[in-house]
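The lines below spell out each chain.
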Amino acid sequence: MPNAMRSQWIEHFRDDDHELLGWIEPVGQEFHVFNLLGQKVLVTEDWFEAETVLDNLGISYLADNYTLKLDDGHKEVVLVSVSPDGITAKTNNYNDITADQEFFDLPFPAPSTLQPAKA
């Protein structure tokens, strides 16, 4: 399943509020760690390290600005929804409620055309 969540992925939840933080996939003697965008963030042989990476990563990165590369250029976007069913982003309107909104439906895992915006 190259463009979907694999059935072997094990959900990892934050201890205090049970918020989903990502997934861990056992592969042989290794553990592959995936964030909520379905991006691999670590390969380790230590289950505790895999959990710790997700605990430390948290979910705050979902509120960051992102750049979406399109055929006709780049757009600065924010994430509206993220799930294994897909990712929705919209143009960053900088909280201007009168600005036009453009939405983009993206596959899961996030495509390489979606990258964190440079600060």
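Just above, that's the structure.
Residues numbered from 1 in each chain as written. Predicted model: local features only at pLDDT ≥ 70, side-chain atom pairs only at ≥ 80, totals over all residues. Heavy atoms only, no water.

**Student:** Help me understand unusual backbone geometry in this model?
**Tutor:** Trans is the common state for peptide bonds, and a negative phi is the common state for residues other than glycine. A cis amide bond links F108 with the next residue in sequence, P109, at an omega value of 0°. Here H18, not a glycine, exhibits a phi torsion of approximately 60°, which is positive. By the secondary structure assignment, H18 is in the loop between β1 (10–13) and β2 (20–27). The exposure class of H18 is exposed, given its relative accessible area of 58%. Phi angles above zero are rare outside glycine, and Y94 is one such case at about 50°. Along the chain, the position of Y94 falls in the loop between β7 (86–91) and β8 (103–106). Judged by relative accessible area, which is 55%, Y94 ranks as exposed. (Helix = DSSP H or I, 4+ residues; strand = E, 2+ residues; numbered from the N terminus. Buried < 20%, exposed > 50% of the residue type's maximum accessible area, 1.4 Å probe, protein only.)

**Student:** I keep staring at the sheet that holds strand β3 (residues 30–34) and nothing clicks. Help me out?
**Tutor:** Each strand in a sheet pairs with another by means of backbone hydrogen bonds, the pair being arranged parallel or else antiparallel. With antiparallel pairing, the four strands of this open sheet are ordered in space as β1-β2-β3-β4. Both edges of this open sheet fall to β1 and β4 (40–44), since each of them pairs with a single strand only. The average undirected angle you get between the axes of adjacent strands in this sheet is 25°. Bridge count between β2 and β3: five bridges; the pairing is antiparallel. When the bridges of β3 are listed, E25 appears paired with H32. (Pairing = 2+ DSSP bridges. Axes fitted to C-alpha atoms, helices over the stretch in contact; angles between N-to-C directions.)

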